[in-house]
Amino acid sequence: MCWFSKMNHSSRWTFITDINSSADAAKALEPVAGKFAEILFVIGILGTGLLAVPVLAGSAAYGLGETFRWPTGLGRKPKDAKAFYVTIAVATLLGAALNFSGINPIDALFWSAVINGVVAVPIMVVMMIMAASERVMGEHTIGVWLNVFGWLSTAVMIACAIGMGVSFFVQ
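Residues numbered from 1 in each chain as written. Predicted model: local features only at pLDDT ≥ 70, side-chain atom pairs only at ≥ 80, totals over all residues. Heavy atoms only, no water.

Caption draft 1: Highlighting the overall build of the chain. Helices and strands together make up the secondary structure of the chain, namely seven helices and two strands. Of the regular secondary structure in the chain, the N- to C-terminal order runs β-β-α-α-α-α-α-α-α. In terms of overall dimensions, the chain is more spread out than a globule: its C-alpha atoms have a radius of gyration of 21 Å, far above the 16 Å expected for 171 residues. The C-alpha extent of the chain, read off along each of the three principal axes, is 60 × 45 × 30 Å. Counting across all 171 residues of the chain, residues that qualify as buried make up 17%. Restricting the contact set of the chain to residue pairs at least 6 apart, pairs at least 24 apart contribute 32%. (Helix = DSSP H or I, 4+ residues; strand = E, 2+ residues; numbered from the N terminus. Rg over C-alpha atoms; globule rule 2.2 N^0.38 Å. Buried < 20%, exposed > 50% of the residue type's maximum accessible area, 1.4 Å probe, protein only. Contact = heavy atoms within 4.5 Å.)

Caption draft 2: Highlighting the pattern of salt bridges. Per the stated rule, a full pass over the model turns up one salt bridge. The residue E30 makes a salt bridge to K27 at a minimum N-O spacing of 3.4 Å. Take E30: its relative accessible area is 35%, and that puts it in the partly exposed class. (Salt bridge = Lys/Arg side-chain N within 4 Å of Asp/Glu carboxyl O.)

Caption draft 3: Representation of the nonpolar core in the model. By size, the foremost hydrophobic cluster in this structure holds nine residues: I19, A25, A26, A28, L29, A33, A37, F41 and I106. Counting residues per element, this core draws most heavily on helix α1 (residues 22–28), at three residues. Formed by five residues, the second largest nonpolar core is a distinct cluster that contains A57, A81, F84 and I88. (Core = buried A, V, L, I, M, F, W, Y, C linked by side-chain atoms within 4.5 Å.)

Written out as structure tokens, the structure reads:
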């Protein structure tokens with residue numbers, strides 16, 4: 001992973017390519033935030049965590065619940081949607097356990113982004129086909145411009161995934 005950083009005593013920008021910890025990432029913010037870089041990074045990580053943990057745990061519970069046709073919903077009482085709430089608890093605990101797993105968090109972020117980019121390709125293809133289908137969408141199909149830009153975005157994602165795959169073999 002690399003971040004841009006302005007060198008001290010120079011007006012040129014360089015890459016910081018050795019980020020292996022949260023401290024390294026916070027240090028990369030120094031050219032922008034100065035002495036407040038660490039505080040800014042901590043606030044960002046806490047804010048992201050407070051937003052991401054409930055969303056990820058909840059989305060996992062909704063996904064599993066819909067797949068297995070469990071009663072789902074935060075509006076339901078826990079006794080009426082036991083599997084749903086257990087899934088939220090288990091997903092939250094698994095997320096917290098990652099802190100103690102020895103997995104480098106920077107590597108985990110990088111690889112989760114890579115996996116997300118690759119998995120997004122077939123999802124985008126299916127979504128574009130469905131959004132343009134009158135059989136699926138009825139009279140609410142996407143217009144010409146959304147269709148063009150949607151397929152263009154999908155093509156870019158396909159090219160990026162292929163390029164990344166090729167780059168693993170050609171170094």
